Amino acid sequence: SQTIHQWPATLVQPVGSPLSLECTVEGTSNPNLYWYRQAAGRGLQLLFYSVGIGQISSEVPQNLSASRPQDRQFILSSKKLLLSDSGFYLCAWSIDFTGHSYNEQFFGPGTRLTVL
Amino acid sequence: QKEVEQDPGPLSVPEGAIVSLNCTYSNSAFQYFMWYRQYSRKGPELLMYTYSSGNKEDGRFTAQVDKSSKYISLFIRDSQPSDSATYLCATARGDNYGQNFVFGPGTRLSVLP
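Below, the structure is looked at part by part. (Residues numbered from 1 in each chain as written. Chains lettered and ligands numbered in written order. Predicted model: local features only at pLDDT ≥ 70, side-chain atom pairs only at ≥ 80, totals over all residues. Heavy atoms only, no water.)

A few points about the overall build of chain A
In step 1: Looking only at helices and strands, one finds zero helices and 11 strands in chain A.
In step 2: Counting from the amino terminus, chain A carries its helices and strands in the arrangement β-β-β-β-β-β-β-β-β-β-β.
In step 3: For chain A, whose C-alpha radius of gyration is 14 Å, the value lies close to the compact-globule estimate of 13 Å for 116 residues.
In step 4: Considering only C-alpha atoms, chain A reaches an extent of 40 × 25 × 25 Å along its principal axes.
In step 5: Within the span of chain A, comprising 116 residues, buried residues form 47% of the whole.
In step 6: Sequence-distant contacts in chain A: of pairs separated by 6 or more residues, those separated by 24 or more amount to 56%. (Helix = DSSP H or I, 4+ residues; strand = E, 2+ residues; numbered from the N terminus. Rg over C-alpha atoms; globule rule 2.2 N^0.38 Å. Buried < 20%, exposed > 50% of the residue type's maximum accessible area, 1.4 Å probe, protein only. Contact = heavy atoms within 4.5 Å.)

Right, here's the structure in full:
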């Protein structure tokens, strides 16, 4: 069966510090991978998605970046955190289907980031 | 206008009540409609998904889609305290991968024993 891991679970960082959040998926190959941010009282905001190694698409311009160095590894980074980067960061994966089909997204446990 | 709108609640009901959760969406291109349940400090988990208009039932949960009015609903029968969570509706066009999921902000539900 497939599992998705995220770490760390909780993170408190000062403004201006760097960030690295990691997500790994087990039990599947060539998944589509996603990074979302969930702010309090707001819906899930898609930040990045990836359909393959080294292929990253950005949905929202910001000071965050993403990388996919391996098939089942997705990393969210920042060189300098802002207060507004605080939130709950969720990684998700879906099966690589093309065409008209439904792609269920499976979410990881999330990382709660507080920027002080 | 937001693509998917949802009353954030909170909604409190007594145990055993029938719960009705609702969303509206604006893009008529959406074909898939999902309901996710999210417990506090956890990732969302898929409850149900439906394609096009109609009803879909799974145990105590019924999902309903009315594409003519762009309205989606989730009904929970015989609600239990374990149903206390935030419920997110989501829509998707269904073309190319899954990057086109659009989520509502979620409704926080509390079922009181």
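What about the overall build of chain B?
In step 1: Within chain B, the regular secondary structure consists of zero helices and 11 strands.
In step 2: In sequence order, the secondary structure elements of chain B are arranged as β-β-β-β-β-β-β-β-β-β-β.
In step 3: In summary, chain B has a C-alpha radius of gyration of 14 Å against a globular reference of 13 Å for 113 residues, a match within 12%.
In step 4: Its C-alpha atoms give chain B principal-axis dimensions of about 45 × 30 × 25 Å.
In step 5: Burial analysis of chain B (113 residues in total) assigns 45% to the buried set.
In step 6: Counting only contacts in chain B whose residues sit at least 6 apart along the sequence, the fraction spanning at least 24 positions is 54%.
In step 7: Of the roughly 5300 Å² of accessible surface on chain B, 45% is carried by carbon and sulfur atoms. (Areas by Shrake-Rupley, 256 points an atom, 1.4 Å probe, with all protein chains shown as cover.)

So, unusual backbone geometry
In step 1: With an omega dihedral of 0°, the bond running from A:Trp7 to A:Pro8 counts as a cis peptide bond.
In step 2: Along the chain, A:Pro8 falls in the loop between strand S1 (3-7) and strand S2 (10-13).
In step 3: Geometrically, the link from B:Gly9 to B:Pro10 is a cis peptide bond, its omega value of 10° lying close to zero.
In step 4: Along the chain, the position of B:Pro10 falls in the loop between strand S1 (4-6) and strand S2 (11-14).

Digging into the pairing of strand S11 (residues 111-115) of chain A
On a regular strand, one side chain projects to one face of the sheet and the next to the other, so that they alternate.
Residues and elements named next belong to chain A.
In step 1: Residues Thr111, Leu113 and Val115 point to one face of S11 and are all buried, whereas Arg112 and Thr114, pointing to the other face, are not buried.
In step 2: Sheet topology note: the S2/S11 ladder contains four bridges and is parallel. Bridge pairing in S11 places Gln13 opposite Val115.
In step 3: When strand S9 (residues 87-94) meets S11, the two strands line up antiparallel, connected through three bridges. Each residue of the ladder has a partner; that of Gly87, found in S11, is Leu113. (Pairing = 2+ DSSP bridges.)

Some details on the sheet that holds strand S3 (residues 19-26) of chain A
All names here are of chain A.
In step 1: Spatially, S1-S3-S8-S7 is the arrangement adopted by the four strands of the open sheet, whose pairing is antiparallel. Looking at strand neighbours, the two that pair on one side only are S1 and strand S7 (64-70), the edges of this open sheet. For this sheet, the mean inter-axis angle between neighbouring strands, taken without regard to orientation, is 20°.
In step 2: Note that S1 and S3 share five bridges and pair antiparallel. Bridge assignment links His5 to a residue of S3, and that residue is Thr24. (Axes fitted to C-alpha atoms, helices over the stretch in contact; angles between N-to-C directions.)

Comments concerning the pattern of salt bridges
Residue and element names in this part refer to chain B.
In step 1: Throughout the structure, instances matching the rule amount to five salt bridges over all chains.
In step 2: When the shortest N-O distance is used, the salt bridge between Glu45 and Arg37 registers 3.2 Å.
In step 3: Its relative accessible area of 14% is what places Arg37 among the buried residues.
In step 4: Glu57 is the salt-bridge partner of Arg77, the closest N and O atoms lying 3.4 Å from each other. Residue Arg77 is located in the loop between strand S8 (71-76) and strand S9 (85-92), and its partner Glu57 is located in strand S6 (residues 54-58); the two are separated by 20 residues in the primary sequence. (Salt bridge = Lys/Arg side-chain N within 4 Å of Asp/Glu carboxyl O.)

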